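Geometric and topological summary
Each chain, letter by letter, is given below.
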Amino acid sequence: MKEWPVSSEHAKFHREAMVWDNHAGFEFDLKNDLNHIYRWRDSGVDYLSVNAAYDVKSWELTISALSGYRAFVESDPDRLMLVTTASDIDRARAGGQLAIGFDIEGMGALNEDVGMVALYYELGVRQMLIAYNLNNAAGGGCHDEDVGLTPFGRAVIGEMNRVGMVVDCSHSSYRSSMEAMEISSAPVMFSHSNSRHLHDHERNIKDDQILACGATGGVVGITGIGLFLDPDGESVDALVRHIRYTADLIGPDKVGIGLDYDISDDFLEDTVAANTHFWPESQYPSGMNIGFLAPEAFPKITETLLDCGFSHSETLGILGGNFYRLARDVWR
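Worth saying up front: this structure is predicted, and the values here are computed from it rather than measured.

Once that is clear, we can look at the overall build of the protein chain. For the protein chain, the helix and strand inventory stands at 13 helices and 9 strands. Computed over C-alpha atoms, the radius of gyration of the protein chain comes to 18 Å, within 12% of the 20 Å expected from 2.2 N^0.38 for 332 residues, which places it in the range of a compact globule. By its C-alpha atoms, the protein chain is 50 × 45 × 40 Å across when sized along the principal axes. With 332 residues in all, the protein chain has 61% of them scored as buried. Partitioning the contacts of the protein chain with sequence separation of at least 6, the portion at a separation of at least 24 is 74%. With an accessible surface of roughly 12,700 Å², the protein chain has 49% of that area assigned to carbon and sulfur atoms. Averaging the locations of the 25 positively and 50 negatively charged side chains of the protein chain gives two centres separated by 6 Å.

Following this line, the structure appears as structure tokens:
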């Protein structure tokens, strides 16, 4: 059994909790060592949403990524399971498997075809955000002109509601996110976004965005990226500080975790260098240290949540129960 650097009491609690990482920001490349996925399982994580694509890359790569990830997961049924329903996650936990689903960062992956939503859903995609940093055919990104949803974007949200895919407002502009939360007939999420009140970065979200998400019955996932957490970088304490602030606004039953840990630093650096417009210098200074909390931080997150005053039931929700409830509410 894996040993973690926390007390035996906290380790027992962590093992018994459902732990859900709502977004792992992989930079897809067939040269990646996908065995890194086992690090989540070794850290007590029960469900992991793997990023299949984002607007920076061509929509065609989304299909390649889903094919590659699905083949990897299906090659090891003893330890991994592709899941499509919340009940599948229960079965994976009972069998000691890490449950895997997929997400897409930006509606550019649809190639301006609403029909692609149902196809991606069949391939295991359970959440999709509007736009990754820059505006696209569906709506606005957080580092671009603050535009609202286009007619195409509104149609996509309607189709996502129909098939059971969760509308994700992370990375998107203020107006697009607020409009999406207004028109969605199902609860929405911010899969991995932190408080702009605590740390003023354009990727973080304002209090009224947090409140609007909570009002839909949705969940805000706090991310472990240091650049969005604190001027001093990534730490469990900084992550829990954002969790506490968000929980105070909308309740601990509407907060979760989406670490956004990337296994592929070299590939990410190459992508950023070739697509600097997606990461403006004013927000991502040259030579910056982005900083990632790794999945190995999860047991310490559990310990810190309990030690700082969250109850057992609140901690269970934040670690995974809240996103699990959202999946049961929205997934078909």
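So, on to the layout of surface pockets. Of the volumes computed, that of the largest pocket is approximately 330 Å³. If you go around the largest pocket, you meet 15 residues; those closest to its centre are Arg41, Gly44, Val45, Asp46 and Gly96. For the lining of the largest pocket, the elements supplying multiple residues, two or more each, are α1 (8–16), α2 (38–42) and α4 (86–94). Grouping the amino acids of the lining of the largest pocket by side-chain chemistry returns 5 nonpolar, 4 polar and 6 charged.

Close contact between helix α6 (residues 151–163) and helix α7 (residues 174–183) brings their axes to 10 Å; oriented N to C, the two are set at 45°. For the element pair α6 / α7, the angle class is oblique. The hand of the α6/α7 crossing is right-handed. Contacts between α6 and α7 involve Arg154, Ile157 and Asn161 on the former and, on the latter, Glu179, Ala180 and Ile183.

This paragraph deals with the packing of α1 against helix α12 (residues 298–307). Where α1 meets α12, the axes come as close as 9 Å, and the angle between the chain directions of the two elements is 110°. In this view, α1 runs roughly perpendicular relative to α12, as classed from their interaxial angle. Contact residues: α1 offers His10, Phe13 and His14, while α12 offers Phe298, Pro299, Thr302, Glu303, Leu306 and Asp307. Split into classes, the residues belonging to the contact of α1 with α12 amount to 4 nonpolar, 3 polar and 2 charged.

Calculation criteria
Residues numbered from 1 in each chain as written. Predicted model: local features only at pLDDT ≥ 70, side-chain atom pairs only at ≥ 80, totals over all residues. Heavy atoms only, no water. Helix = DSSP H or I, 4+ residues; strand = E, 2+ residues; numbered from the N terminus. Rg over C-alpha atoms; globule rule 2.2 N^0.38 Å. Buried < 20%, exposed > 50% of the residue type's maximum accessible area, 1.4 Å probe, protein only. Contact = heavy atoms within 4.5 Å. Areas by Shrake-Rupley, 256 points an atom, 1.4 Å probe, with all protein chains shown as cover. Lys, Arg positive; Asp, Glu negative; His and termini not counted. Charge placed at Lys NZ, Arg CZ, Asp CG, Glu CD. 1 Å grid on protein atoms, 1.4 Å probe; cavity = no way out; pocket = protein on both sides within 12 Å on 5 of 7 lines; lining within 4 Å. Points joined across faces, edges and corners; volume = space filled by probe spheres on them. Nonpolar A, V, L, I, M, F, W, Y, C, P; charged D, E, K, R; others polar. Axes fitted to C-alpha atoms, helices over the stretch in contact; angles between N-to-C directions. Parallel < 35°, antiparallel > 145°, perpendicular 65-115°, else oblique. Left-handed = near helix turned anticlockwise from the far one by under 90°.

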